Amino acid sequence: MTGFEIVEPESLEEAFRLLDPEDPAVRPIGGGTALMLMMKAQIYKPERLVSLRRLDGRFSGIDIAADGSGFRIGAMTTFSMLEHSPAIRRHLPVIAQTMKTLANVRVRNVASVGGNLAHADPHLDLPPVWVALGARAVVVGPRGERTIPVEAIFEGYYETSLANDELIAELEVPVRAGWDALYVKVTTRAAHDWPALGLAVSAELEGRRIRDLRLVLSAAVDKPTRLAAAEAVLRGAEIGPATLRAAGEAAVAETEIESDSRGSAAYKQHLLRVHLGRAIEALAAKRV
Ligand SMILES: Cc1cc2nc3c(=O)[nH]c(=O)nc-3n(C[C@H](O)[C@H](O)[C@H](O)COP(=O)(O)OP(=O)(O)OC[C@H]3O[C@@H](n4cnc5c(N)ncnc54)[C@H](O)[C@@H]3O)c2cc1C
């Protein structure tokens, strides 16, 4: 590994001065779990890493709105903090459920919410869950601030819409009464392996009728992707074999799934059909 500096700004203004919009060898560092792997593999050779750990205020903390309508989650919040937050466990149990097979406790103790999103690896477990929950990211930079749906961060395989000197500062996550969510991680080897397919579902059910839902596919595609056509089949429908089959076919038709080391495209399309139906049935079963 070649030499590089790590700096720890204490204010956003200082961080923006230390970041460089033009130079990819200067990057922010959150937990460092993804960056370190890339540096060890010599895929990434930094000159300067700008640590975000001394930026408190909006970069840290988990707060719930007084009326319980949503969370504000600082970008430097670690996965362990999320996993063990009583408020998150109560109002967004899908987060704790997702953590059960996410990496290991050492990674979860340092990996950050912001670094996870900015890494934009389509195999990551949490991004599709945030999208299914309707979360928004607050992005700050020297030219100002913008709040965007989490799905707008991702432009493709490891590609984001963030400029080099922009930072994810926090997430806004709604808590929607009557909605329930789950994440399905389909691995073809060990349970902790990278998924061949990830599927996040959040839905508002009335008995076996789906009032509204958000379906998000990951891992088998190059970025977390809403399954709009499958959602349209299911929205307003009664859950039953024919509807679930039609939704599975719509999902396969609307996505470009590619073959890789975790399975052929045809195999992953089959996984999508099967697991989409099972996920909807599992949500319905939770409500009875
Ligand atoms: C052994 C191991 C097993 C793993 N298993 C899993 C798994 O099963 N499931 C899973 O989902 N993930 C897994 N991961 C990946 C892990 O989730 C990511 O490495 C982690 O989420 C990245 O977060 P970080 O804070 O460490 O990011 P960093 O490494 O700090 O940064 C990643 C990228 O984000 C940028 N960045 C960091 N913070 C910000 C910010 N606030 N704003 C803008 N850009 C920022 C950095 O410049 C860099 O480009 C595993 C990782 C390891 C090492």
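Criteria and thresholds
- Residues numbered from 1 in each chain as written.
- Predicted model: local features only at pLDDT ≥ 70, side-chain atom pairs only at ≥ 80, totals over all residues.
- Heavy atoms only, no water.
- Pairing = 2+ DSSP bridges.
- Helix = DSSP H or I, 4+ residues; strand = E, 2+ residues; numbered from the N terminus.
- Contact = heavy atoms within 4.5 Å.
- Axes fitted to C-alpha atoms, helices over the stretch in contact; angles between N-to-C directions.
- Near = heavy atom within 4 Å.
- Polar contact = N/O pair within 3.5 Å; in protein donor to acceptor, adjacent residues only side chain to side chain.
- Areas by Shrake-Rupley, 256 points an atom, 1.4 Å probe, with all protein chains shown as cover.
- 1 Å grid on protein atoms, 1.4 Å probe; cavity = no way out; pocket = protein on both sides within 12 Å on 5 of 7 lines; lining within 4 Å.
- Sits in = over half its atoms within 2 Å of the grid points.
- Points joined across faces, edges and corners; volume = space filled by probe spheres on them.
- Nonpolar A, V, L, I, M, F, W, Y, C, P; charged D, E, K, R; others polar.
- Patch = residues over 30% accessible without salt bridge, like charges linked within 9 Å, V, L, I, M, F, W, Y side chains within 5 Å.
- Salt bridge = Lys/Arg side-chain N within 4 Å of Asp/Glu carboxyl O.
- Lys, Arg positive; Asp, Glu negative; His and termini not counted.
- Charge placed at Lys NZ, Arg CZ, Asp CG, Glu CD.
- Buried < 20%, exposed > 50% of the residue type's maximum accessible area, 1.4 Å probe, protein only.
- Core = buried A, V, L, I, M, F, W, Y, C linked by side-chain atoms within 4.5 Å.

(A) The arrangement of the sheet that holds strand S14 (residues 225–226) in detail. One open sheet accounts for 4 strands, arranged S11-S12-S13-S14; its pairing is antiparallel. On the outer flanks of this sheet lie strand S11 (179–186) and S14, each paired with one strand and no other. Bridge analysis of strand S12 (residues 197–206) against strand S13 (residues 209–218) gives 9 bridges, and the strand direction is antiparallel. Following the sheet pairing, Glu206 is matched in S13 by Arg209. Against the sheet, helix H11 (residues 265–286) touches S11, S12 and S13, its axis set at about 35 degrees to S12.

(B) Quick peek at the site of the ligand. Surveying the vicinity of the ligand reveals 32 residues, the closest of which are Pro28, Gly30, Thr33, Ser112 and Asp125. Note that an oxygen atom of the ligand is positioned 2.7 Å from one of the backbone N or O atoms of Gly31. For the ligand, the protein covers 91% of the area, taking 980 Å² as the surface of the free molecule. Given that more than half its atoms are within 2 Å of the pocket grid, the ligand belongs to the largest pocket. When residues of the shell around the ligand are traced back to their parent elements, those giving at least two are strand S2 (26–29), helix H2 (33–40), helix H7 (113–119) and strand S10 (167–174).

(C) Broad picture of the layout of surface pockets. The volume enclosed by the largest pocket comes to roughly 1,200 Å³. Of all the secondary structure elements, the ones that give two or more residues to the lining of the largest pocket are S2, H2, H7 and S10. Residue classes in the lining of the largest pocket are distributed as 27 nonpolar, 15 polar and 7 charged. Its volume calculated, the second largest pocket comes out at about 260 Å³. Around the second largest pocket, the lining is made up of 15 residues, and of these Ala220, Val221, Asp222, Glu256 and Glu258 lie nearest the centre.

(D) Expanded view of the sheet that holds S10. Here 5 strands make up an open sheet; going across it, the order is S4-S5-S10-S6-S7 and the pairing antiparallel. This sheet does not close on itself; its edge strands, each paired only once, are strand S4 (62–64) and strand S7 (144–149). Between one strand axis and the next, the sheet turns through 20 degrees on average, direction left out of account. Bridging between S4 and strand S5 (residues 70–74) involves 3 bridges; their strand directions are antiparallel. For Ile62, the partnering residue across the bridge sits in S5 and is Ile73.

(E) Looking closely at a negative patch on the surface. On the surface, Glu155, Glu159, Asp222, Glu256 and Glu258 cluster together to form a negatively charged patch. Position of Glu258 relative to the elements: it lies in the loop between helix H10 (241–254) and H11.

(F) Quick look at the pairing of S5. Taken across its 5 residues, S5 has 5 buried, putting it largely inside the fold. Of the two faces of S5, the one lined by Gly70, Arg72 and Gly74 and the one lined by Phe71 and Ile73 are each fully buried. Between S4 and S5, which follow one another and run antiparallel, lie 5 residues, and Gly68 among them has a positive phi close to 75 degrees. Pairing between S5 and S10: 5 bridges, direction antiparallel. Looking across to S10, one finds that Phe71 is bridged to Val173.

(G) Looking closely at the environment of Leu19. If you trace the backbone, Leu19 turns up in the loop between helix H1 (12–18) and S2. For the pair Leu19 and Leu37, spaced 18 residues apart in the sequence, the C-alpha separation amounts to 21 Å. In this structure, Leu19 is in contact with Val26, Arg27, Pro28, Val50, Asn164, Asp165 and Leu167, ignoring residues within four places of it in sequence.

(H) Molecular detail of the nonpolar core. With 52 residues, the main nonpolar core has Ile95 and Trp130 as its most contacted residues. Per-element accounting of this core gives the leading share, 6 residues, to helix H8 (residues 126–133). Residues in contact with Ile95, not counting those within four places in the same chain, are Leu82, Ile88, Leu126, Val129, Trp130 and Leu133. Residues Leu199, Ala203, Ala220 and Ala279 belong to the second largest nonpolar core, which totals 33 residues.

(I) Molecular detail of unusual backbone geometry. Phi is positive for Gln42, close to 60 degrees, though the residue is something other than glycine. Topologically, Gln42 is positioned in the loop between H2 and strand S3 (48–51). For Gln42, a relative accessible area of 46% gives the class partly exposed.

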